[in-house]
Amino acid sequence: MRQIGINAVFNLISNFTFIFIAFKCLQSLRLDYYVNKSKQQAFKLVLVLVSTALGFLVSQFFLNFIDSVRNLGYLL
């Protein structure tokens, strides 16, 4: 049971870390220059949603990769 709790904490930290990294990377592109002033609020919401989706996908890839490497031990 303790292992499940440790995995849950690691998953949460990984998800939030990669979402934050994706958000900062998308912000650094400065795409807001290409959006009208009247659409800035909607663009910020889209930026948050896209960074959440991208960060979650990268996090899941990272976690699945680690899980696969851990399971390679069963091959021997």
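Scroll up a little and you will see the structure.
Residues numbered from 1 in each chain as written. Predicted model: local features only at pLDDT ≥ 70, side-chain atom pairs only at ≥ 80, totals over all residues. Heavy atoms only, no water.

Engineer: Which parts of the structure should I look at to understand helix α1 (residues 2-28)?
Structural biologist: Between its terminal C-alpha atoms α1 stretches 39 Å, which fits the 39 Å expected from 27 residues at 1.5 Å a residue. Listing the buried residues of α1 in full gives Ser14, Asn15, Ile19, Ala22 and Leu26. With its phi angle positive at about 55°, Arg30 sits one or two positions after the end of α1. (Helix = DSSP H or I, 4+ residues; strand = E, 2+ residues; numbered from the N terminus. Expected span 1.5 Å × (residues − 1). Buried < 20%, exposed > 50% of the residue type's maximum accessible area, 1.4 Å probe, protein only.)

Engineer: Quick question: what am I supposed to make of the environment of Asn11 here?
Structural biologist: Among the secondary structure elements, Asn11 is positioned in helix α1. Considering only alpha carbons, one finds Asn11 and Val58, 47 residues apart in sequence, at a separation of 12 Å.

Shape is all these values report; function is a separate question.
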